Each structure stands twice: as structure tokens, then as C-alpha cells.
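Summary of structural features
The primary structure of each chain is shown beneath.
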Amino acid sequence: MTDTAINDEGIQTMTFEPWRGFHDSALSPEWKKKISEMARKARAHILKMTTIAGSGHPGGSMSSLELYLVLYNMARLNPNAPNQTNRDRIIISHGHTSPGVYASLAAAGFFDITPCLHGFRQGGSPFEGHVEQSVPGVEWDTGNLGQGLSVGIGKAIYSRLSGLDFHTYVIMGDGEQQKGQIAEARRMAAKFQLTNLTAIIDYNRLQISGRIRDVMPQNMVDEWEADDWQVTEIDGHNLDNIYEALHRATNDTENLHMILARTTMGKGVVFMENKEKYHGSPVSQEMLPEALSQLGEDDRDIPTLLKLRAEGPPPMFERKPVPYPVVSPGEPITYGIDEKLDNRSAWGKALLSVADANMHRDDFVMAVFDCDLAGSVKTAEYAKKYPANFFQCGIAEHNTATCAGSFGAEQALSIWADFTIFNIAETYNQARLNDINHSNVKLFCTHAGVQVGEDGKTHQCIDYFGLLNSTFGWKVITPADPNQTDRIARYVLSTPGSFAVVMGRSKVPIITDEQGNPFFGNDYQYRYGRMDILRRGETLALVTAGNMSWVAVQAWNKLHEDGKNITLINVSDWSDLHPDDLQMLASYKHLVVLEDHNIKNGLGASLAMSLYEAGSRATLTRMGVTTYASSGKPDELFKLLGLDADSVTEKILQILG
Ligand SMILES: Cc1ncc(C[n+]2csc(CCOP(=O)(O)OP(=O)(O)O)c2C)c(N)n1
């Protein structure tokens, strides 16, 4: 029996069956019998789907199987309504065990197994090679090992802040424990006492290259205990043991628990057991009947399944996106022309204003994540005012990236502010996986570009756009001055999608219109994707962005004094160049692009492609960063790189002849 309640957003929350959620202290004999039978059949399904596909990972699927079956049958889930907001979250970190996950979800009633048996790893099928959210019951697409515990932390924080009070279970491989991100996550969970999170390790003692202790010696128990987790070792194929360990972990509100489940790779088929070969290779077609017979099953349905595969992939499941939270953008702040501040300070003020405008609402869930730089990235004031919604993650950017992504994929506002070199360049793969998982994470990235100056080349992030532009979802925005920063921050915080707002470190003057009023002031309406014409002129347009906008204004002034009337265009939104704006640019004879970014994959490179496609005949000159720069004051470095106002003026005069 289940009860359903509908909240204001039309989202269902549910009261689950009483036996779900590990309430009873032991597994009932009926459930034990049911799950044992499920396990026998599911092992056969794992073998069939991988042999038919000719690839996949049966070994770990068979060692993790009992863990999956107990979790998917006993956690607070409803197979008929898998997206209830208050469901428990089960995160599979070693995503290659997808055959075991899919077979278990089907056994627990989430869908019929047949399409998976013939459509596993087939182009266009929902049943991909590593666990994907295209399959009902899967919470997070994984495959890049080491990220699952961080995903779990994002969910556990959401459970706490939203009051939904669900439990999160993260299952990992033992070889996977070699990843450093797991250590980062372990410590964060302990610091924030996330006892609504349970970790489980499939300890089959094998990985691709052989025994885990030969590949990389590691003392897992000591490591987890040192980070304040209680470790319980169990037989990972014994249903009573698994249930009891999960019961204890779920109901303990004082301690964090890691369950180390001793298992056997390839469990259930004698010739597969303890063979690393079966980590990532299916049983051959010839050996399949023998393997199935050891499980009390046969291969009579294989011809039919092969025929179904030949007919094409099974259909995709319908999946509703998680609604984005309602976020009021608050009241814009306009900075006057006499004020000189940095964009990051304007961001910090906008953050506080948006938090103030929303935090009083019961349905509003928000978190800001920080990696030991709150003062510099201007989230410190917010942290002081809203400590429960601020998470100091330490110097642990990989964990933070994934955790912020996982939190943002819920109905919550997720913000991670850091130096650009750390929340973009350091963590590209995590950003990519967040994108694949449709997380609405907002990155506020400061100290970008050569403009960071004295810290030198290790800190000068000149590849932020090139990196994120290699994904399909991320949008990169570079505000020109504090006023535009304010408008952009409010837009980004109240709009679904993954955005990186990239800012420099230095103070910059307020950019004015030709009458001397703030250009991005009270009358300015920010429209995502549109360029701003700061000055109108003829023949040549100087196109600029972010850190270089003020340099470009200075160059314009010099040229103007010299009687040269050029157009000055500011591009804030690099990822989406509007066709009308491209046509407008194409109407100029000469274009000069000025950017504080690696010239190979920045704004100029992107514009060159788009303009060519738009049929532009304008000459295009790219002025950007052509080498790793040294330490120095921003002005010195721009001069050295030929990006200061004098160099830009000279270049434009040359072009104009
Ligand atoms: C970050 C990352 N590095 C490498 C791989 C390639 N890979 C896939 S599975 C695997 C071994 C995993 O071992 P374990 O966690 O013990 O899983 P099991 O062999 O028990 O299935 C490796 C190295 C990966 N998927 N992700």
C-alpha cells in the first residue's frame, strides 16, 4: 500500500510500503526466498545480455548482484513511480556493472527484462553499456570511476536541506577505491556528518589487470576508519548479512557506515568465478549453454532474442526532467560611474541579494560550495549569513565538482564559486559528467585569464571556453563590468541549465555609453545570447569580451581621438552566437577580436567558424593569448602579449591602412 501526496509544484511525494526502508531488523523468510530466486534468474540475464551484445562486464555484475537485489527491493522505492521526490537514492559508482543493475531493476519490477536482453549496448537502445538514467531506477550516469560517493554526498545534502529525509546508498568497486576523489568524498561526508548516506564496496579482490593488491596495495579498512567511518565486513552474497548491515547503517543517525562486502567475481558459474578475464568479457556463445545450465537455466530463448536484436533497438523510456526551482532574481544593483570595483565583488553582492530574496521560502533549497577560497571568490558574506547553506569542502575540487552537480540535478540551486583554473580546468571530466547528467550547476569562476597577473601561468586560466565548449550543454558567460555582472548573475541563478560565469580579479571601471552613463545600468536589459554594441562606427568592428572589454574601450577612445570611427562590440555569451548578430558582424569589412583566452580555441576561433558558415567576407584578426605568460601586473602582461590598448590601436590603424 502506498499513499501519494502532491505538493505545490505538482510533484508527488509518497509514503512507501512499511517493509521498505530497512525498518524490520531482519529479512523475512518470504523475501529471502523471493530474492534468492531473483538472483538465480538475474545471473542468467546478465550472461544472456552480455553474450548477445558481444561485450559488457558480467564478472562484477555477478559479484554485486545480491547487493543490488536487496537494495532495489528493500529501499524506499516504487518501481511504478521511480521518480518520487522522497525516494531513496541508489548510486552505482562502478557503472560498468550495468548488466547486474539492469537485471536487478527488472527483477524488482521497474521494467520488463526482455528489451534489455536483446537491446543491451545496441545503438539507440536505452540500455547503454554503463549505467545511464535512460533506464528507470538509475539515478546517475557513471562509468568514469571514483565519482559515485561524491554524487551520494550531493544527494545526502539535498535530503537534509529539503527535509525530504531520504537515504542514499552508494555502491563502488574495490579496484575503484584507488581513485583519490573517493578520499576527498569520504572526508566531506564525515565532516558534515552525513549519516543519511551509506557506502558499500563490492570486495571481489579483482580488477582488470588482476588482484587489486598487486595492482595497487591499499588498506581500505584503515583508510575508511581513519576518516571516521564504521566499517562492517560481510559476506556479500548472504542476503541476511546484507540486509542486517543495511538495516544497521540506515537506522544509525550517529555514525557513518561503509559495508565491505566480500564477494566473488563471476559468482554462480564455476568457470567464471575469481577470473579477472570476466571483469570485462562476456561468456562465448559456445560456453553459454554450460554457464546457464549451472544456474538451472537454458538458452532456448537465444534465437528469439537475436531475431529481436536484428529488428532494431527497443524504444526509449519516457523520462520527465526534474523541475528547476523557482528563483526570484531579486532587485538589480546599479553601480555608478565613479565606483571602481571588481566583477567578483558585484557577483558576491548579487548572490547575497538573490539569497535574501528567496531563502525565506519553505520550498527553496540552495547551497554554495567552496574550496578554501570564499574570501577571494566573494562568497564569504553569504557564508556568514547562511551557514547552513554553505559547504566548505576544502581543497578537494573533484569531489566538489561532482557533489555540486549531483545537488543541482535535484530541485535545488547549486553554486560552486572558485578560481577559474580550479572549477573549470582542474575538473573538466567532472564537468563533462555533470553535463551528461543534466545537472543545473552554476559555476562562478573568478581570477580568470592572464589578468590574474602575479600568480603566474599556473593560475592563468586561458582555456575556460575551449574546455567547456567541448561539451554540448555548458554555457560560458564573461561579464564586462560590475553592472553587467550583477544582471548576469541574477539571470544565471534563476535560469535552468549549467552556466560558467567567468570573471577576472582586477577592479575595472564602469563601462559607459557615449553619453557617459553606465552602459549596463538601469535601462539595460540582459538578453542571453545577444551581443552589445558599446560604440557604433564604420568599416571595422572591434569585438571583445570579459577582461578585455575595458582595454577595448581605451583603444576605442584612442582611435576616436585620432579621428577613427570604429564599432565596439561586447560579447558576453560565448557559447551561443545569435544568427542576427553574426549577420551584423558579417556586414563589416574588418573584424578584430580581442580576448584574454588561448587564441586556439577562444572567442575568435569560434567566431571565425560561425562567420564563415554565415557567409561573412570580413577580414578577421584574432588578438588573444598565444603563449603561457609569466608573472606580472596585468597591464605589464597584456603589453608583453601585445594585448594592451596601444597594441590594439596600432593593429587597427595598420588594418585601416
Ligand atoms: C577513471 C577511470 N579509469 C579507468 C577506467 C577503466 N576501468 C573500467 S573498470 C576498471 C576496473 C575496476 O575495478 P573494480 O572497481 O574492482 O571493478 P570490478 O573489476 O570488480 O568490476 C577500470 C580500470 C574507468 N572506467 N574509469
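Residues numbered from 1 in each chain as written. Predicted model: local features only at pLDDT ≥ 70, side-chain atom pairs only at ≥ 80, totals over all residues. Heavy atoms only, no water.

Mapped onto the fold, V365 is located in the loop between α12 (343–358) and β11 (366–370). Taking relative accessible area as the criterion, V365 reaches 6% and is therefore assigned buried. Sequence separation between V365 and F407 is 42 residues; the distance between their C-alpha atoms is 9.8 Å. Sequence-distant contacts of V365, defined by excluding residues within four places in its chain, comprise Y158, L161, S162, F407, Q411, A412 and L413. (Helix = DSSP H or I, 4+ residues; strand = E, 2+ residues; numbered from the N terminus. Buried < 20%, exposed > 50% of the residue type's maximum accessible area, 1.4 Å probe, protein only. Contact = heavy atoms within 4.5 Å.)

Taken together, the neighbourhood of the ligand is formed by 15 residues, with H96, G143, D174, N204 and H279 sitting nearest. Contacts to the ligand include L145, whose backbone N or O atom sits 3.1 Å from a nitrogen atom. Across the shell around the ligand, the residue classes tally to four nonpolar, nine polar and two charged. (Near = heavy atom within 4 Å. Polar contact = N/O pair within 3.5 Å; in protein donor to acceptor, adjacent residues only side chain to side chain. Nonpolar A, V, L, I, M, F, W, Y, C, P; charged D, E, K, R; others polar.)

What follows concerns the domain arrangement of the chain. Domain annotation of the chain identifies domain 1 (31–310), domain 2 (340–509) and domain 3 (532–656). Roughly 2300 Å² of surface becomes buried between domain 2 and domain 3 when both sides are summed, with 55% attributable to carbon and sulfur atoms. Looking only at domain 2, the three residues that lose the most surface to domain 3 are V450, I462 and F465, adding up to 27% of its buried area. Across the contact surface, domain 2 and domain 3 share two salt bridges. Residues K633 and E454 are paired through a salt bridge, measuring 3.4 Å at the closest nitrogen-oxygen approach. Remark: the boundary between domain 2 and domain 3 carries 21 residue pairs in polar contact (both at pLDDT 80 or more). (Domains from an automatic or database assignment. Buried area = accessible area lost by both parts, 1.4 Å probe. Salt bridge = Lys/Arg side-chain N within 4 Å of Asp/Glu carboxyl O.)

Turning next to helix α5 (residues 148–162). With 15 residues, α5 extends 21 Å between its outermost C-alpha atoms, agreeing within 8% with the 21 Å of an ideal straight helix rising 1.5 Å per residue. Among all positions of α5, only G148, L149, S150, V151, G152, I153, G154, K155, A156, I157, Y158 and S159 are buried. (Expected span 1.5 Å × (residues − 1).)

On to the sheet that holds strand β12 (residues 390–392), then. Spatially, six strands are ordered β12-β11-β13-β14-β16-β15 in an open sheet, and the strand pairing comes out parallel. The sheet is open, and its two edges are formed by β12 and β15 (475–477), each paired on a single side. Put simply, the sheet's adjacent strands are angled 20° from each other on average, direction ignored. Set on the sheet, helix α15 (residues 397–408) makes contact with β11, β13 (413–419) and β14 (441–446); between it and β13 the angle comes to about 155°. (Pairing = 2+ DSSP bridges. Axes fitted to C-alpha atoms, helices over the stretch in contact; angles between N-to-C directions.)

Between helix α6 (residues 180–191) and α15, the shortest axis-to-axis distance is 8 Å and the interhelical angle comes to 70°. It follows that α6 is roughly perpendicular to α15 by the angle criterion. α15 is crossed by α6, and the crossing has right-handed handedness. Only E397, H398, N399, T402 and C403 of α15 make contact with α6, whose side of the interface consists of Q181, E184, A185 and M188. Class assignment for the residues of the contact of α6 with α15 results in three nonpolar, four polar and two charged. (Parallel < 35°, antiparallel > 145°, perpendicular 65-115°, else oblique. Left-handed = near helix turned anticlockwise from the far one by under 90°.)

For strand β4 (residues 168–173), a buried count of six out of six residues is recorded, marking the element as mostly surrounded by other parts of the structure. Pairing between strand β3 (residues 89–92) and β4: four bridges, direction parallel. Within the sheet, the bridge partner assigned to I92 lies in β4 and is I171. Bridge count for β4 against strand β5 (residues 197–203) is six bridges, and the pairing is parallel.

At a closest axis distance of 8 Å, the pairing of α12 and helix α19 (residues 482–493) adopts a crossing angle of 40°. In this view, α12 runs oblique relative to α19, as classed from their interaxial angle. Between α12 and α19 lies a crossing of right-handed hand. Contacts between α12 and α19 involve N343, A346, W347, A350, S353 and V354 from the first element and P482, T485, D486, A489, R490 and L493 from the second. Partitioning the contact of α12 with α19 into residue classes produces seven nonpolar, three polar and two charged.

The full count for this structure, using the stated rule, is 27 salt bridges. A salt bridge links E37 to R40; its shortest N-O distance comes to 2.7 Å. In this pair, E37 and R40 both sit in helix α1 (residues 29–53), three residues apart, roughly one turn of the helix. A residue is classified by how much of its surface remains accessible, and E37, at 35% relative accessible area, is partly exposed. Residue classification places R40 among the partly exposed positions, given a relative accessible area of 27%. For R186, the salt bridge identified is with E223, shortest N-O distance 3.8 Å. Pair noted here: R186 is in helix α6 and E223 is in helix α8 (residues 220–226), with a separation of 37 residues, a long-range link.

Phi at H438 takes a positive value of approximately 55°, unusual for a residue other than glycine. Mapped onto the elements of the fold, H438 is located in the loop between α17 (428–436) and β14. The backbone of T539 sits at a positive phi, close to 60°, despite the residue not being glycine. By the secondary structure assignment, T539 is in the loop between β18 (532–535) and β19 (540–544). Classification of T539 by relative accessible area gives partly exposed; the value is 41%.

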